[in-house]
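# Commentary on secondary and tertiary structure
Listed below, chain by chain, are the residues.
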Amino acid sequence: MILAMKKAQKKVFVGMSGGVDSSVTAMLLKNQGYDVTGVYLKCYVQPDRSCLKEAMDAMEVAELLGIPFHIWDFQKEYKERVINYMIEGYRAGQTPNPDIECNREIKFGMFLEKALKWGADYVATGHYVRLTKKGNNFRLFEAKDKNKDQSYFLWTLTQAQLKHTLFPI
């Protein structure tokens, strides 16, 4: 008896914050047939607060979905690349946007790089945005729900980053 080889599933690492949007992202991708792994990105912990609750919420969702789960610590890099950027911007009289810098440097920088090294084909987040592909070019558009649109936080992403990114919500 010859068994047909199952077509290899595409592997996606989902940045899971413990919130609804990233949890739904993981569920949608799993339901679409992707091999999903959840990752909590530990970036910034306020001195008077722990990120333990968010990480535990993300881990519980991953368990409910039956997907592997990891916590990746990017605190040092977040301080160097996002917090210091923000401080220097204010010192220079600018109004920096740390969310844009975090997306470029951490979520679609270091997280993407590490996920690819771990065998991922894609990373995904719970951002509300539409990603389209025309030929070899990727383009970001406003989310269908204009009240939840987050495309303006992602304008710095490159073609190389978008090529390995999914936005299912």
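Note that the structure is predicted; figures quoted are calculated from it, not measured. (Residues numbered from 1 in each chain as written. Predicted model: local features only at pLDDT ≥ 70, side-chain atom pairs only at ≥ 80, totals over all residues. Heavy atoms only, no water.)

Turning our attention to helix H4 (residues 98-117). Along an α-helix, a turn takes 3.6 residues, which lines up residues three or four apart on a common side. At Phe-111, H4 is deflected by roughly 30 degrees, the largest bend along its length. Three or more residues of H4 are buried, namely Ile-100, Glu-101, Cys-102, Asn-103, Ile-106, Phe-108, Gly-109, Met-110, Phe-111, Leu-112 and Ala-115. By the N-cap criterion, in which a side-chain oxygen at the helix start approaches the backbone nitrogen of a residue two or three places on, H4 is capped by Asn-97, the distance to Asp-99 being 3.0 Å. Looking one or two residues beyond H4, the residue adopting positive phi is Gly-119, at roughly 100 degrees. (Bend = angle between axes of the 7 residues up to and from the residue. Helix = DSSP H or I, 4+ residues; strand = E, 2+ residues; numbered from the N terminus. Buried < 20%, exposed > 50% of the residue type's maximum accessible area, 1.4 Å probe, protein only. Polar contact = N/O pair within 3.5 Å; in protein donor to acceptor, adjacent residues only side chain to side chain.)

One pass over the structure, following the stated rule, counts eight salt bridges. Residue Lys-146 is joined to Glu-142 by a salt bridge in which the shortest nitrogen-to-oxygen separation is 3.4 Å. By relative accessible area, Glu-142 is classed as partly exposed at 41%. In the salt-bridge network here, residues are joined through shared partners; they are Arg-81, Glu-101, Arg-104 and Glu-105. (Salt bridge = Lys/Arg side-chain N within 4 Å of Asp/Glu carboxyl O.)

Moving on, we come to the side chain of Thr-37. With respect to the secondary-structure elements, Thr-37 resides in strand S2 (residues 35-42). Side-chain polar atoms of Thr-37 contact the side chain of Lys-11, separated by 3.1 Å.

Once that is clear, we can look at the nonpolar core. Ranked by internal contacts, the top residues of the largest apolar core, which has 24 residues, are Phe-13, Phe-74, Ile-106 and Phe-111. Secondary structure elements with two or more residues in this core: S2, helix H3 (75-91) and H4. It is H4 that contributes the most residues to this core, seven residues altogether. When sequence neighbours within four positions are dropped, the list of residues in contact with Phe-74 reads Leu-41, Lys-42, Cys-43, Ile-106, Met-110, Phe-111 and Lys-114. Among the nonpolar cores identified, the runner-up in size contains 17 residues, and Met-16, Ala-55, Leu-65 and Ala-124 belong to it. (Core = buried A, V, L, I, M, F, W, Y, C linked by side-chain atoms within 4.5 Å. Contact = heavy atoms within 4.5 Å.)

Further remarks concern the confidence of the model for the protein chain. Caution is warranted with low-pLDDT regions, since their predicted coordinates should not be read in detail. The share of residues in the protein chain with pLDDT of 70 or more is 92%, and the mean pLDDT across the chain is 92. Contacts from residues 1-7, a stretch scored under 50 in pLDDT, to residues over four places away or in other chains number zero contacts. (pLDDT = per-residue confidence, 0-100.)

Let's shift gears to the pairing of strand S6 (residues 137-141). Sheet topology places strand S5 (residues 130-134) next to S6; five bridges connect them, and they run antiparallel. Bridging across to S6, Thr-132 finds its partner in Arg-139. Between S5 and S6, which pair antiparallel one after the other, the connecting turn spans two residues, and Gly-135 there sits at a positive phi close to 65 degrees. (Pairing = 2+ DSSP bridges.)

Right, let's talk about the packing of aromatic side chains for a bit. For the coordinates displayed, the defined rule picks out seven aromatic pairs. Pairing Phe-13 with Trp-72 gives two aromatic rings, centres 5.8 Å apart and planes at 40 degrees, and the pair type is tilted. With Phe-13 in strand S1 (residues 11-15) and Trp-72 in strand S3 (residues 69-73), this pair connects stretches of sequence that are 59 residues apart. Assigned by exposure class, Phe-13 and Trp-72 land together as buried. When the ring of Phe-13 is compared with that of Trp-118, the centres are 6.4 Å apart and the planes differ by 90 degrees; the resulting orientation is edge-to-face. Of the two residues, Phe-13 sits in strand S1 while Trp-118 sits in the loop between H4 and strand S4 (122-124), which places them 105 residues apart along the sequence. Under the relative-accessibility criterion, Phe-13 is labelled buried at 2%. Of the residues examined, Trp-118 reaches a relative accessible area of 43% and is grouped as partly exposed. (Phe/Tyr/Trp six-rings, centres within 6.5 Å; stacked < 30°, edge-to-face > 60°.)

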